Amino acid sequence: MTERLTIRRPDDWHVHLRDGAMLHAVVPHTARQFARAIVMPNLAPPITRIADAEAYRARILAAVPEGMDFTPLMTCYLTDAADPQEIERGFAQGVWAACKLYPAHATTNSSHGVTDIRALRTVLETLQRIGMPLLIHGEVTDREIDIFDREAVFVERTLAPLVRDFPALKIVFEHITTAEAVDFVTASGPMVAATITPQHLHLNRNALFDGGLRPHAYCLPVVKRERHRLAVRAAAVSGSPAFFLGTDSAPHEIDRKEAACGCAGIFNAPYAIESYAAVFDEESALDKFAGFASEHGPRFYGLPLNTETVTLERAGQRVPDRIGEGALALVPFHGGETIGWRLVD
Ligand code: NCD
Ligand code: ZN
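Draft legend 1. Structural view of the sheet that holds strand β11 (residues 338-344). Pairing is antiparallel in the open sheet, where 3 strands are placed in the order β1-β10-β11. The strands lining the two open edges of the sheet, one partner per strand, are β1 (4-8) and β11. Direction aside, the axes of adjacent strands within the sheet are offset by 35° on average. The pairing of β1 with strand β10 (residues 309-318) spans 5 bridges and is antiparallel. Looking at β10, one finds that Leu 5 is bridged to Leu 312. Its contacts with the sheet place helix α10 (residues 272-282) against β10 and β11, and it is angled at close to 115° to β11.

Right, dumping it as structure tokens:
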């Protein structure tokens, strides 16, 4: 049995770092494990201008503890008023790594999101021409559609036509949760990839109602039936370069999670790499872990692979119920459980 696993240092291709005191509380967890992270722009107001992205990047770097090496990769939040020239300039200047598309009102801080993707034709043509990835929160927002079907319907209504019309556009289908998403990505060829979170590998929808309502298992896209979890797991451990690590760690204050209308988002940053390692171990696929965690992402983005390594060892560690103090206390994913792997510092 493998007892120690040394891999190229991983990257997180989807994370919410927030701002202000929360940013300072959560950045060390991500920076400790990951060399780089694609930072989501859904602040209030969202990051849409180059200058805002540069200022946010500086605030993130100021929150990285001494001695940790961490590079935030910034994203541009697309609105109906997105400016293709600003996007192209920011990409050329190395400020932006990608654009993020939230369908309007799909999730937290997405009220400025895009109401009609078709109306963004010039932006999409620009992204395709300059090779800038488009990261998509893939859910329809139609309230008539059952929430558990919103990703599959998005594939059919929006993503399939988009891929057909922009065949050279690099698209990352973010945090996929369904067999339909897996099948679509698998069938789409090298321009379409997907990120996968730890929670969608570990949880099915029973976790939301396990003995009572479980707000800390609630994120968007919501966790699905067991057959979907198994399909997403199979994709993650398949070795296919189309699937890579993106935690979607999304911290919210406890009283905003444990509320009559609780926020969506799971704070998985503190033990993210161990959480993924446990899945690959359970699937007898530790040989595929480095590809998923450290290689497929940079190759898709056209960025260099990290050269340093990290080591994980097989060792039970108990995840605390809470991390942090006072108003900044957060409930981590796996809180109160024991994970079978540990990142060796
Ligand atoms: C994210 C957040 O809180 O910013 N929440 C979530 O459940 N994933 C937004 C998002 O990525 O959908
Ligand atoms: Zn997210």
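Still to come is the rest of the account.
Draft legend 2. Quick peek at the pattern of salt bridges. In total, this model carries 20 salt bridges according to the counting rule given. Residues Arg 49 and Glu 86 are paired through a salt bridge, measuring 3.2 Å at the closest nitrogen-oxygen approach. On the criterion of sequence distance, the pair formed by Arg 49 in the loop between β3 (36-39) and α2 (50-62) and Glu 86 in helix α3 (residues 84-92) is long-range, its members being 37 residues apart. Members of the salt-bridge network, linked through shared partners, are Glu 3, Asp 281 and Arg 314.

Draft legend 3. Quick look at the packing of aromatic side chains. Enumeration according to the criterion identifies 9 aromatic pairs in this entry. Summarising the aromatic geometry, the rings of Phe 300 and Tyr 301 are spaced 6.3 Å apart at their centres and angled 75° between planes, so their arrangement reads as edge-to-face. A relative accessible area of 9% means that Phe 300 is categorised as buried. Here the aromatic residues Trp 13, Phe 244, Phe 300 and Tyr 301 are joined through ring pairs into a cluster of three or more. When the ring centre of Phe 300 is taken as origin, the NZ or CZ atom of Lys 170, which lies over that ring, is 5.7 Å away. Cation over ring: Arg 205 sits above Phe 148, and NZ or CZ is 4.6 Å from the ring centre.

Draft legend 4. Layout of the site of ligand 1. By nearness alone, 15 residues border ligand 1, and Arg 18, Thr 107, Leu 220, Asp 248 and His 252 come closest of all. Within the backbone of Ala 264, an N or O atom sits 3.2 Å from an oxygen atom of ligand 1. A per-class count over the shell around ligand 1 returns 4 nonpolar, 9 polar and 2 charged.

Draft legend 5. Quick look at the sheet that holds strand β9 (residues 243-245). If you walk across this open sheet you meet the 8 strands as β2-β3-β4-β5-β6-β7-β8-β9, and the pairing is parallel. The sheet is open, and its two edges are formed by β2 (12-15) and β9, each paired on a single side. Each strand axis lies, on average, 30° off the axis of its neighbour in the sheet, ignoring direction. Two strands pair when backbone bridges link them, and strand β4 (residues 71-77) and strand β5 (residues 96-101) are joined in this way by 4 bridges, in the parallel orientation. Bridging from a neighbouring strand, Met 74 pairs with Trp 96 of β5.

Analysis parameters
- Residues numbered from 1 in each chain as written.
- Chains lettered and ligands numbered in written order.
- Predicted model: local features only at pLDDT ≥ 70, side-chain atom pairs only at ≥ 80, totals over all residues.
- Heavy atoms only, no water.
- Pairing = 2+ DSSP bridges.
- Helix = DSSP H or I, 4+ residues; strand = E, 2+ residues; numbered from the N terminus.
- Axes fitted to C-alpha atoms, helices over the stretch in contact; angles between N-to-C directions.
- Contact = heavy atoms within 4.5 Å.
- Salt bridge = Lys/Arg side-chain N within 4 Å of Asp/Glu carboxyl O.
- Phe/Tyr/Trp six-rings, centres within 6.5 Å; stacked < 30°, edge-to-face > 60°.
- Buried < 20%, exposed > 50% of the residue type's maximum accessible area, 1.4 Å probe, protein only.
- Lys NZ or Arg CZ within 6 Å of the ring centre and 35° of its normal.
- Near = heavy atom within 4 Å.
- Polar contact = N/O pair within 3.5 Å; in protein donor to acceptor, adjacent residues only side chain to side chain.
- Nonpolar A, V, L, I, M, F, W, Y, C, P; charged D, E, K, R; others polar.

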